Amino acid sequence: MDRPVVAGVDGSMASLGAVRWAADEAARHGRTLRIVHAMSWEGHADGQGIVLDAADDARAWQPGISVETVTVGGRPGRVLQEQSRSASLVAIGGRTHDGGQLNSSVCAQLAAYAHCPVLVVNRGERWIPESAAGPPTPELPEPSQFLSMPELSPHFGGGAGHAAAGSGQTRYGPGPVSAVPRRGVRHVGGRPGPDLAGPGADPMTARPGAAPVVVGVDGSPSSWRALEFAYDEALSRHVPMVALHAGRARSHAAVHAELTPWLRGHGDVDASFAGSDEPVVEALTGAADSALLLVLGAHRDSWFENPRPNPRTQLIVHHAASPVLVTRSV
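I will try to describe carefully the structure that is included in this document. (Residues numbered from 1 in each chain as written. Predicted model: local features only at pLDDT ≥ 70, side-chain atom pairs only at ≥ 80, totals over all residues. Heavy atoms only, no water.)

**Considerations on the overall build of the protein chain**
- When you go through the protein chain residue by residue, the secondary structure sums to 9 helices and 13 strands.
- Looking at the protein chain as a whole, 54% of its 330 residues are labelled buried.
- Partitioning the intrachain contacts of the protein chain with sequence separation of at least 6 by distance along the chain shows that 74% fall at a separation of at least 24.
- With an accessible surface of roughly 14000 Å², the protein chain has 55% of that area assigned to carbon and sulfur atoms. (Helix = DSSP H or I, 4+ residues; strand = E, 2+ residues; numbered from the N terminus. Buried < 20%, exposed > 50% of the residue type's maximum accessible area, 1.4 Å probe, protein only. Contact = heavy atoms within 4.5 Å. Areas by Shrake-Rupley, 256 points an atom, 1.4 Å probe, with all protein chains shown as cover.)

**So, the environment of A111**
- By the element assignment, A111 lies in helix α4 (residues 104-113).
- The buried category is assigned to A111, whose relative accessible area is 5%.
- Setting aside residues up to four positions removed in sequence, A111 forms contacts with V118, Q314, V326 and R328.

**Section: the packing of helix α3 (residues 76-83) against α4**
- Orientation of α3 relative to α4, taken along the N-to-C sense of each, is 30°, at an axis distance of 9 Å. In terms of axis orientation, α3 runs roughly parallel to α4. By crossing handedness, the relation of α3 to α4 is classed as right-handed. Of the residues in α4, those in contact with P76, G77, R78, L80 and Q81 of α3 are V106, Q109, L110 and Y113.
- Its residues assigned to classes, the contact of α3 with α4 shows 5 nonpolar, 3 polar and 1 charged. (Axes fitted to C-alpha atoms, helices over the stretch in contact; angles between N-to-C directions. Parallel < 35°, antiparallel > 145°, perpendicular 65-115°, else oblique. Left-handed = near helix turned anticlockwise from the far one by under 90°. Nonpolar A, V, L, I, M, F, W, Y, C, P; charged D, E, K, R; others polar.)

**Topic: the pattern of salt bridges**
- Per the stated rule, a full pass over the model turns up 9 salt bridges.
- Across the pair R20 and D57 runs a salt bridge, and its minimum N-O distance is 2.8 Å. Of this pair, R20 sits in helix α1 (residues 13-29) while D57 sits in helix α2 (residues 47-61), placing them 37 residues apart in sequence. Across the pair, D57 and R20 agree in class, each one buried.
- Two residues, E68 and R34, come together in a salt bridge whose shortest N-O distance is 2.6 Å. Linking E68 in strand β3 (residues 67-73) with R34 in strand β2 (residues 33-39), this pair joins segments that are 34 residues apart in sequence.
- What makes R34 buried here is its relative accessible area of 17%. (Salt bridge = Lys/Arg side-chain N within 4 Å of Asp/Glu carboxyl O.)

**Description of the packing of aromatic side chains**
- In this structure the tally under the stated criterion is 1 aromatic pair.
- Ring geometry for Y231 and W262: centres 5.8 Å apart, planes at 85°, overall edge-to-face. Taken together, the residues Y231 in helix α6 (residues 221-237) and W262 in helix α7 (residues 252-264) connect sequence positions 31 residues apart.
- Residue classification places W262 among the buried positions, given a relative accessible area of 14%. (Phe/Tyr/Trp six-rings, centres within 6.5 Å; stacked < 30°, edge-to-face > 60°.)

**Regarding the nonpolar core**
- With 48 residues, the main nonpolar core has L33, I35, V215, M241 and V295 as its most contacted residues.
- In this structure V215 touches A226, L227, A230, M241, V242, A243, L244 and V295, once residues within four positions along its chain are discounted.
- Counting residues in each nonpolar core, the second largest holds 33 residues, with V79, V214, A287 and L294 among its members. (Core = buried A, V, L, I, M, F, W, Y, C linked by side-chain atoms within 4.5 Å.)

**Focus on the side chain of T327**
- Here T327 lies in the segment after β13 (324-326).
- Not counting chain neighbours up to four residues away, the residues in contact with T327 comprise P117, S222, R225, A226, F229, V295, L296, G297 and A298.

**Description of the environment of S276**
- Along the chain, S276 turns up in strand β11 (residues 271-276).
- Accessibility expressed as a relative area gives 0% for S276, which makes it buried.
- When the C-alpha atoms of S276 and A246 are compared, they prove to be 4.7 Å apart, with 30 residues separating the residues in sequence.
- One polar contact links the side chain of S276 to the main-chain amide nitrogen of E278, over a distance of 3.2 Å. (Polar contact = N/O pair within 3.5 Å; in protein donor to acceptor, adjacent residues only side chain to side chain.)

**Observations concerning unusual backbone geometry**
- One non-glycine residue, H238, lies in the positive phi region at around 60°.
- The topology assignment puts H238 in the loop between α6 and β10 (241-246).
- Its relative accessible area of 19% is what places H238 among the buried residues.

**Quick look at the pairing of β10**
- Of all the 6 residues making up β10, 6 are buried; the element is thus mostly covered by neighbouring parts of the structure.
- Side chains M241, A243 and H245 of β10 all project onto a buried face; the interleaved residues V242, L244 and A246 project onto the opposite face, where all are buried too.
- Inspection of the sheet shows strand β9 (residues 213-216) paired to β10 by 4 bridges, in the parallel sense. By the bridge assignment, G216 is partnered in β10 with L244.
- You can see the chain leave β9, run along α6 and come back into β10, and the turn it takes is right-handed.
- Bridging between β10 and β11 involves 6 bridges; their strand directions are parallel. Each residue of the ladder has a partner; that of A246, found in β11, is S276.
- Taken together, β10, α7 and β11 form a β-α-β motif whose crossover is right-handed. (Pairing = 2+ DSSP bridges. Right-handed = clockwise from strand over helix to strand, strands pointing away.)

Set out below in structure tokens:
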């Protein structure tokens, strides 16, 4: 069964940016894009127009993908949660450029209770034409630097680590050189060329095409699942991947030792490990400042009848500058 990529839309520019991310995901993985609008009493009246306009934009952005549209009565969170039962991914617009929150309750509900991975595209309006979005978004901060700690194993594939300005962080990098050639970005008509799909390759984005996929790791089953997703995203986008361990609940060396065999077996991605003594929320939201995508495991406090979302995941989704992919461990 074809499990589509679902994109929730509400007529805003930010949700249209999420549709473009969803279209890229559908193109790279050969899936159908399903664009969904939930029609509630307080919602937009022209739901059919919203999904049809979004579908036209998705087909122009990624020609050749299969697109279907759905309008459903109900609250957006409940509608998209139900759609997630048969989806491979649900994408939704998140925090907007002016600091406000688009559908904050919907993002929180999906991040906690969806049945498939959820992509929250914060500041999604960056991926729409400047003519519609207004002035270009200012450039994001330069990537954070990591401080090497020579007493720890410095490299996945041998060699020495490197020192850089920073505080309380450890960098092990880079991993084995990829056997996949790093192809140059090719643009056709302002869109990614067919050899490299993905928002990170597009000149209208605020992030360079080589920005890494960052994944939070802690050795839990949920973080291993997140690592698999991050690897797949980095491989399909031809960008580096950084596995980031934050906090002091476990030593960075112990987590790094656990990850090393897996990373050595996935040498077709330029991967590195980083450790930060900062609290988890601060470290991961800080890493998102210079990431193309932040990937998190869907930790929950309980898997019983009324599971509760992990508050740290909710905070990171809410505050991260980059899009955030929340994976499922079941």
